[in-house]
Amino acid sequence: MNVEADNTSWTAWVLTLFPEMFPGSLGLSLAGRALENDIWNLETVDIRDFASDKHRSVDATPFGGGPGMVMRPDVLGAAIEATRQRAAPDMPLIYLSPRGPRLDQARVRELAAGDGAILLCGRFEGIDERVIEAYEIEEVSLGDFVLSGGELAAMALIDATVRILPGVVGDPQSLADDSFEQGLLEFPQYTRPQDWQGREVPEVLMSGHHGHIAEWRKAQAEDLTRKRRPDLWDLYKAAKSRMPQL
Ligand code: SAH
């Protein structure tokens, strides 16, 4: 994975203490095929390579006391600067962190429109605050829960971004229907067999009438969103009153 990145592909630079976790699931299925086809690149940077003392230490006890260890700013700073020299200019620098705003499809779309991202994965109690200030790092969270490391969060961000890069998903319509793309959750889907354990498929889907099917799906998506996600529903209604063609 240490070859120079090809500048034309979206590149994920992952700064981690566990480079062996990558590509992991990103090497399989959609993301894996796209990686093989150079639609995106993966560059892992082993933070430990930037440790300068003889023990190669990357963490230390927190000033002020308390449990756990904190990742050192000198080591992280050196890793970030070395990565910035190799990466395309102005790439977003993101620390996966439960303190950040939650990742959403709008941010994923922005990231996919750029050249890639530098993703800093924390471990232990997290990283020295001064690194976040000095490099003006954006914090991004996966949700209101605490992981033991940033790697799985980085993988989720990469997976979500890579699947919307042009050429990754065969039929672009399948992306347009996805949850959040129209501000709605996706409608329910059905496949063979038509009768499963006595449960039938909604009749309209068997009608072959594309207009009715589209209407039914839209109504289902709206209904699900209204019931399950009042927060999304309010945004959708507001957008609809501004743009009634939605
Ligand atoms: N003490 C920290 C949590 C440290 S967990 C706190 O309470 O905020 C160790 C690492 O896991 C973090 O540095 C971060 O990189 C990652 N992590 C944990 N939860 C996460 C989440 N919800 N989203 C993204 N990254 C997370």
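Residues numbered from 1 in each chain as written. Predicted model: local features only at pLDDT ≥ 70, side-chain atom pairs only at ≥ 80, totals over all residues. Heavy atoms only, no water.

Whether parallel or antiparallel, the strands of a sheet pair through hydrogen bonds between backbone atoms. Taken together, the five strands give an open sheet; going across it, the order is β2-β1-β6-β5-β7, and neighbouring strands pair in parallel fashion. The open sheet has two edge strands with one neighbour each: β2 (40-46) and β7 (138-140). Adjacent strand axes in the sheet meet at a mean angle of 25°, parallel and antiparallel pairs treated alike. One ladder, built from four bridges, connects strand β5 (residues 93-96) with strand β6 (residues 116-121); its direction is parallel. (Pairing = 2+ DSSP bridges. Helix = DSSP H or I, 4+ residues; strand = E, 2+ residues; numbered from the N terminus. Axes fitted to C-alpha atoms, helices over the stretch in contact; angles between N-to-C directions.)

All right, on to the layout of surface pockets then. A volume near 650 Å³ is recorded for the largest pocket. Around the largest pocket, the lining comprises 21 residues; the ones closest to its centre are Asp104, Gln105, Ala106, Phe180 and Leu232. Sort the elements by how many residues they give to the lining of the largest pocket and helix α8 (residues 230-242) lands first, with five residues. Considered class by class, the residues forming the lining of the largest pocket number eleven nonpolar, three polar and seven charged. (1 Å grid on protein atoms, 1.4 Å probe; cavity = no way out; pocket = protein on both sides within 12 Å on 5 of 7 lines; lining within 4 Å. Points joined across faces, edges and corners; volume = space filled by probe spheres on them. Nonpolar A, V, L, I, M, F, W, Y, C, P; charged D, E, K, R; others polar.)

Right, let's talk about the packing of helix α7 (residues 210-228) against α8 for a bit. A packed helix pair is summarised by two numbers, namely the angle formed by the two axes and the spacing between the axes. Relative orientation of the contacting elements α7 and α8 amounts to 130°, with a least axis distance of 6 Å. The angle between α7 and α8 falls in the class oblique. For α7 against α8, the interelement crossing comes out left-handed. For the pair α7 and α8, the contacting residues are Lys218, Glu222, Thr225, Arg226, Lys227 and Arg228 in the first and Pro230, Leu232, Trp233, Tyr236 and Lys240 in the second. Its residues assigned to classes, the contact of α7 with α8 shows four nonpolar, one polar and six charged. (Parallel < 35°, antiparallel > 145°, perpendicular 65-115°, else oblique. Left-handed = near helix turned anticlockwise from the far one by under 90°. Contact = heavy atoms within 4.5 Å.)

This brings us to helix α5 (residues 151-162). For an α-helix, 3.6 residues make a turn, and residues three or four places apart therefore share a direction. With twelve residues, α5 extends 16 Å from end C-alpha to end C-alpha; this agrees with the ideal 16 Å at 1.5 Å per step. With nine of twelve residues buried, α5 lies mostly within the body of the structure. (Expected span 1.5 Å × (residues − 1). Buried < 20%, exposed > 50% of the residue type's maximum accessible area, 1.4 Å probe, protein only.)

As for its placement among the helices and strands, Ser57 is situated in the loop between β2 and β3 (59-60). Looking at Ser57, its side chain comes within polar contact range of the side chain of Asp53, at 2.6 Å. Excluding its chain neighbours within four sequence positions, the residues that come into contact with Ser57 are Ala51, Arg72 and Val75. (Polar contact = N/O pair within 3.5 Å; in protein donor to acceptor, adjacent residues only side chain to side chain.)

Let us look at the site of the ligand. Taken together, 20 residues are adjacent to the ligand, and Tyr95, Leu96, Gly122, Phe145 and Leu147 come closest. One of the backbone N or O atoms of Gly143 is found 3.1 Å from a nitrogen atom in the ligand. Surface burial for the ligand is 86%, taken as the share of its 560 Å² of free accessible area covered by protein chains. Grouping the constituent residues of the shell around the ligand by class yields ten nonpolar, eight polar and two charged. (Near = heavy atom within 4 Å. Areas by Shrake-Rupley, 256 points an atom, 1.4 Å probe, with all protein chains shown as cover.)

Turning next to the pattern of salt bridges. The tally for this structure, following the rule as stated, stands at 17 salt bridges. A salt bridge links Asp144 to Arg102, with the shortest nitrogen-to-oxygen separation between them at 3.5 Å. Highlighted residues: Asp144 in the loop between β7 and α5 and Arg102 in the loop between β5 and α3 (105-113), separated in sequence by 42 residues. Here Asp144 falls in the exposed class, since its relative accessible area comes to 66%. As a salt-bridge pair, Arg109 and Glu181 come within 2.7 Å of each other at their nearest N and O atoms. Note that Arg109 is positioned in helix α3 and Glu181 in the loop between α6 (172-177) and β8 (195-196), a separation of 72 residues in sequence. What makes Glu181 partly exposed here is its relative accessible area of 24%. (Salt bridge = Lys/Arg side-chain N within 4 Å of Asp/Glu carboxyl O.)

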